[in-house]
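Here's the letter readout for the chains.
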Amino acid sequence: MTTNGRTHRGAGRGGFTLAEAMMAVMVLGIAAASVLLPFVSGAAVRADGVNRTLAARLASDLMEQILRLPFHDPGGGTSVGPEPGENGPANFDNIDDYHNYIEAQGQVKDATWAVFTDSAYANFSRNVTCEYVYVPQQPAESDPAKCEFIRITIQVNHSGKQMATIIRLVSE
C-alpha cells in the first residue's frame, strides 16, 4: 500500500516484536543457567576435594615429624607438654611436647619449621593433642613415665572447617 509516495507494510510483516525478543532472551538465559549449574557445583566439589587432600597431607606430615621423637623425655621430665625452654617444635625432645601445639590459620609450617608461603596453604590451621592412655591391665597412675601409650590427635582445618583428623596410638 502506498500513501503520499511512501510504502507501508501491513500487519503480516516478518520479524520479532520487542516483547517476543525479551521472552526469547529470558528462555535462553534460563536454559544456559540450567546447563552451567552442574559445572559450577562440580568446581566447588573439586575445590573441596583439593582442600581435603592438602589437609590429609598436612596432618600426615606433622604426624611423621612427631613420631621421629622419642616416647619418653630424655631429660626425665614427667609433665605433659613442652618443658621450660622448649618454645617450639624445633626444640621439642619427645612426643608429648606437642600437647596443645597449635599452628594458627596462615601459620602452618613445613618440615623445616618455616611458614608455608604458597597461597594454597593460607587458610589452613593445625592443632595437636597428646594424651597418655592407660589400658585395663595397667595400673591407672598419674606418672606419664610409667604409661605405655600416647594417643596423638592431629586436626587440620580450612577456614575454620574441619577437613582432616588423624588419631594414632603410640607405644614405647
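Everything numeric here is computed off the predicted structure, so don't read it as measured data.

Student: Which residues make up unusual backbone geometry, and what values do they have?
Tutor: Here W113, not a glycine, exhibits a phi torsion of approximately 70°, which is positive. Note that W113 resides in the loop between β3 (101-103) and β4 (124-133).

Student: So, the pairing of β4: which residues are in play, and what are the values?
Tutor: The element β4 is largely enclosed, with a buried count of seven among its 10 residues. Where β3 lies against β4, three bridges are found, and the strand directions are antiparallel. Its bridge partner lying in β4, Y101 is registered against V128. Summarising the sheet, β4 and strand β5 (residues 149-158) pair through 10 bridges and their orientation is antiparallel. Residue pairing in the sheet places T129 in a bridge with T153 of β5.

Student: Which residues make up the pattern of salt bridges, and what values do they have?
Tutor: Going through the model one piece at a time under the given rule, you end up with five salt bridges. The salt bridge involving D48 is made with R52; its shortest N-O contact spans 3.1 Å. In this pair, D48 and R52 are both assigned in helix α1 (residues 18-67), four residues apart and thus about one turn of the helix distant. Its relative accessible area of 34% is what places R52 among the partly exposed residues. Put simply, K161 and D48 hold a salt bridge, and the shortest N to O gap is 3.6 Å.

Student: Before we move on, can you summarise the packing of aromatic side chains with the specific residues and values?
Tutor: All told, the structure shown has six aromatic pairs when counted by the stated rule. With centroids separated by 6.4 Å and ring planes inclined at 80°, the aromatic side chains of F71 and Y132 adopt a geometry described as edge-to-face. Pair noted here: F71 is in the loop between α1 and β3 and Y132 is in strand β4, with a separation of 61 residues, a long-range link. Exposure remark for F71: the relative accessible area of 9% places this residue in the buried category. Overall, the relative accessible area of 16% leaves Y132 in the buried class. Taken together, the ring pairs connect F92, Y98 and Y101 into an aromatic cluster.

Student: How would you explain the confidence of the model for the chain if you had to name every residue and give the values?
Tutor: Taken as a whole, the chain shows an average pLDDT of 82; of its residues, 84% reach a score of 70 or greater. Of all helices and strands in the chain, the one with the weakest mean pLDDT is strand β1 (residues 2-3) (56), whereas β5 scores best (94).

Student: Which residues make up a nonpolar patch on the surface, and what are the values?
Tutor: Residues M23, M26 and I30 make up a contiguous nonpolar surface patch of about 320 Å² in total accessible area. Mapped onto the fold, M26 is located in helix α1.

Student: Mind laying out the sheet that holds β4, listing which residues take part and the relevant values?
Tutor: Strand order across the open sheet formed by four strands is β3-β4-β5-β6, with antiparallel pairing between neighbours. With partners counted over all chains shown, the strands left at the sheet margins are β3 and β6 (161-171), one partner each. On average, each strand axis in the sheet is inclined to that of its neighbour by 15°, with strand direction left out of account.

Student: Please provide a residue-by-residue account of the side chain of N157, values included.
Tutor: Relative to the helices and strands, N157 resides in strand β5. The buried category is assigned to N157, whose relative accessible area is 12%. Within the structure, N157 has its side chain in polar contact with the side chain of Q155 (distance 3.3 Å). When near neighbours in sequence (up to four residues on either side) are disregarded, N157 contacts N123, F124, S125, N127, Q162 and M163.

Student: Tell me about the nonpolar core, residues and numbers included.
Tutor: In terms of nonpolar packing, the biggest core is built from 26 residues, with Y98, V128, I152 and I154 touching the most fellow members. For this core, the secondary structure elements donating two or more residues are α1, β4, β5 and β6. Setting aside residues up to four positions removed in sequence, I154 forms contacts with A59, L62, M63, I66, N127, V128, A164, T165 and I166.

Conventions and cut-offs
- Residues numbered from 1 in each chain as written.
- Predicted model: local features only at pLDDT ≥ 70, side-chain atom pairs only at ≥ 80, totals over all residues.
- Heavy atoms only, no water.
- Helix = DSSP H or I, 4+ residues; strand = E, 2+ residues; numbered from the N terminus.
- Buried < 20%, exposed > 50% of the residue type's maximum accessible area, 1.4 Å probe, protein only.
- Pairing = 2+ DSSP bridges.
- Salt bridge = Lys/Arg side-chain N within 4 Å of Asp/Glu carboxyl O.
- Phe/Tyr/Trp six-rings, centres within 6.5 Å; stacked < 30°, edge-to-face > 60°.
- pLDDT = per-residue confidence, 0-100.
- Patch = residues over 30% accessible without salt bridge, like charges linked within 9 Å, V, L, I, M, F, W, Y side chains within 5 Å.
- Areas by Shrake-Rupley, 256 points an atom, 1.4 Å probe, with all protein chains shown as cover.
- Axes fitted to C-alpha atoms, helices over the stretch in contact; angles between N-to-C directions.
- Polar contact = N/O pair within 3.5 Å; in protein donor to acceptor, adjacent residues only side chain to side chain.
- Contact = heavy atoms within 4.5 Å.
- Core = buried A, V, L, I, M, F, W, Y, C linked by side-chain atoms within 4.5 Å.

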